[in-house]
Amino acid sequence: MDYAKIIRDLAAEVQPLYGQGKVADYIPELGKVPPRQFGLCLQLNDGISHEFGDSRTKFSIQSISKVFALSKAFGLLGEELWQRVGVEPSGNAFNSLMQLEYEKGIPRNPLINAGALVVTDILVSKFENPKAEILRYLRQLAGTEDIHFNKQVAESERKTGYRNFALAYFLKSFGNLKNEVEQVLDVYFHQCSIEMTCFELANAMQIFSQHGLEPHSGERLLSSSETKRLNAVMQTCGFYDEAGEFTFAVGLPGKSGVGGGIAALLPGQYSIAVWSPELNKKGNSVLGMKALELFTTMTGSSVF
Ligand code: DON
């Protein structure tokens, strides 16, 4: 398969979509990112990679971090995790509050904000220095030490993250947050502020396309059964109220972030990361979604 040509062709096809979306600015620091950027990295399981455009530019991974935090917590806690968070798609916005009230403090899934806060709470309980542990884990997965928090972004979100504060206090009132709200949010805002490139992200996603094997060290970090569950959660919940659309158009498990990144994978075959900062109304990258739809169509590859 001529991946290089396919990627060049799809990149040309998504260019006219610039201007259709809007850079996230509810976290003021994210609003400063120049909008017209596009990067892509395809990492095949056999070690070969293909890159295009701004594939080595760092961007805020935001909610994509939820998948890595989840995999860490699941690896530590096993099936017990699912007593505190469900696995159903929410059909709601990522920061929605209403379901949490009538479902009595058990978030629908670990990829909406409420669920991600429970996952972060688990990491806070397990580690003396959860922020350092999250960085260490991502550096191991991506195979590079050059992964850091963006403290301005974390601080910018802390100052404006009213809905996350509301969700965290709500969870606390239901007894589903064991640590202090401020502490859990501090870790959560930092994990969201992590900056990575498409190249690094595609590498970090290899754990999910390699059935739990971390390819840089050859270490097994997750069982294939755990990886199956995590991929299933990404498939059904990774795009919030656009999870159906992403599955329909792209057909891969994946996760988006309001920094404009999308990371996805085909188990046993490849991982792929795209980034373009302009978002649609549901908070997903306009060019990124289209690029992945074109990629799976042109390569004839998808889990379906
Ligand atoms: O909690 C927030 O609002 C952000 N730190 C992350 C949101 C996000 O990336 C949602 N994804 N599309």
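As a reminder, the structure under discussion sits directly above these lines.
From a predicted model like this one, the values you see are computed outputs, not experimental measurements.

Conventions adopted
Residues numbered from 1 in each chain as written. Predicted model: local features only at pLDDT ≥ 70, side-chain atom pairs only at ≥ 80, totals over all residues. Heavy atoms only, no water. Helix = DSSP H or I, 4+ residues; strand = E, 2+ residues; numbered from the N terminus. Expected span 1.5 Å × (residues − 1). Buried < 20%, exposed > 50% of the residue type's maximum accessible area, 1.4 Å probe, protein only. Pairing = 2+ DSSP bridges. Near = heavy atom within 4 Å. Polar contact = N/O pair within 3.5 Å; in protein donor to acceptor, adjacent residues only side chain to side chain. Areas by Shrake-Rupley, 256 points an atom, 1.4 Å probe, with all protein chains shown as cover. Nonpolar A, V, L, I, M, F, W, Y, C, P; charged D, E, K, R; others polar. Phe/Tyr/Trp six-rings, centres within 6.5 Å; stacked < 30°, edge-to-face > 60°. Lys NZ or Arg CZ within 6 Å of the ring centre and 35° of its normal. Contact = heavy atoms within 4.5 Å. Core = buried A, V, L, I, M, F, W, Y, C linked by side-chain atoms within 4.5 Å. Axes fitted to C-alpha atoms, helices over the stretch in contact; angles between N-to-C directions.

1. Observations regarding helix H8 (residues 181-193)
With 13 residues, H8 should reach 18 Å at 1.5 Å per residue; the first-to-last C-alpha distance of 18 Å fits that figure. In terms of burial, H8 is largely enclosed, as 10 of its 13 residues are buried. Within H8, burial applies to Val181, Val184, Leu185, Val187, Tyr188, Phe189, His190, Gln191, Cys192 and Ser193.

2. Side note on unusual backbone geometry
Its identity as a non-glycine residue notwithstanding, Lys104 has a phi of 55°, on the positive side. With respect to the element layout, Lys104 can be found in the loop between helix H3 (98-102) and helix H4 (113-126). Judged by relative accessible area, which is 61%, Lys104 ranks as exposed. Positive phi outside glycine occurs at Tyr240, with the angle close to 55°. Position of Tyr240 among the secondary structure elements: in the loop between helix H11 (224-237) and helix H12 (243-249).

3. A few points about the pairing of strand E10 (residues 270-275)
Every other side chain in a regular strand lies on the same face of the sheet, so the side chains alternate between the two faces. Most of E10 sits out of view: six of its six residues are buried. Side-chain alternation along E10 places Tyr270, Ile272 and Val274 on one buried face and Ser271, Ala273 and Trp275 on a second face that is also buried. Here strand E2 (residues 39-44) runs beside E10; their pairing, made up of six bridges, is antiparallel. The residue of E10 that forms the bridge with Leu42 is Ile272.

4. Considerations on the pairing of strand E9 (residues 261-266)
Counted residue by residue, E9 has six buried out of six residues, so it is predominantly covered. Adjacent in sequence and paired antiparallel, strand E8 (residues 254-256) and E9 are bridged by four residues, among which Gly260 carries a positive phi angle near 100°. In this sheet, E10 lies alongside E9 in antiparallel orientation, the contact comprising six bridges. Residue Leu266 lies in a different strand from E10, and its bridge partner there is Tyr270. Hairpin connection, E9 to E10: the antiparallel pair is bridged by three residues, and Gly268 has positive phi, about 85°.

5. Considerations on the site of the ligand
Residues in close proximity to the ligand total 14 residues, the closest being Tyr26, Gln62, Ser63, Glu157 and Tyr188. Within the side chain of Tyr26, an N or O atom sits 2.5 Å from an oxygen atom of the ligand. Against a free-state accessible area of 340 Å², the protein chains account for coverage of 99% of the ligand. Considering only residue class, the shell around the ligand consists of six nonpolar, seven polar and one charged.

6. Notes on the packing of aromatic side chains
Counted by the stated rule, this structure contains 12 aromatic pairs. Taking 5.4 Å as the distance between ring centres and 90° as the angle between the ring planes, the aromatic pair formed by Tyr270 and Phe295 counts as edge-to-face. Of the two residues, Tyr270 sits in strand E10 while Phe295 sits in helix H13 (residues 286-299), which places them 25 residues apart along the sequence. By relative accessible area, Phe295 is classed as buried at 0%. Just above the ring of Phe199 sits the side chain of Arg56; from NZ or CZ to the centre is 3.7 Å.

7. Quick word on the environment of Leu117
Checked against the element boundaries, Leu117 lands in helix H4. In the structure, Leu117 is positioned 53 residues away from Phe170 in sequence and 11 Å away in space, judged by C-alpha atoms. With residues near it in sequence (within four places) discarded, Leu117 still touches Asn164, Leu167, Ala168, Leu171, Leu177, Val184, Leu185 and Tyr188.

8. Some remarks on the nonpolar core
Counting residues in hydrophobic clusters, the biggest one holds 64 residues, and the most contacted among them are Phe68, Leu81, Ile194, Met196, Leu201 and Phe208. The residues touching Phe68, leaving out its near neighbours within four places in the chain, are Tyr137, Leu138, Leu141, Leu201, Ala204, Met205 and Phe208.

9. Quick notes on the environment of Ala263
Positionally, Ala263 belongs in strand E9. Contact partners of Ala263, with chain neighbours within four places excluded, come to Ile64, Leu201, Met205, Pro253, Gly254, Lys255, Ile272 and Ala273.

10. A word on the sheet that holds E8
Ordered in space as E3-E2-E10-E9-E8, the five strands form an open sheet in which the pairing is antiparallel. Both edges of this open sheet fall to strand E3 (49-53) and E8, since each of them pairs with a single strand only. Sheet twist, expressed as the average angle between the axes of neighbouring strands with direction ignored, equals 5°. Lying over the sheet, helix H1 (residues 3-14) contacts E2 and E3, oriented at roughly 25° with respect to E3.

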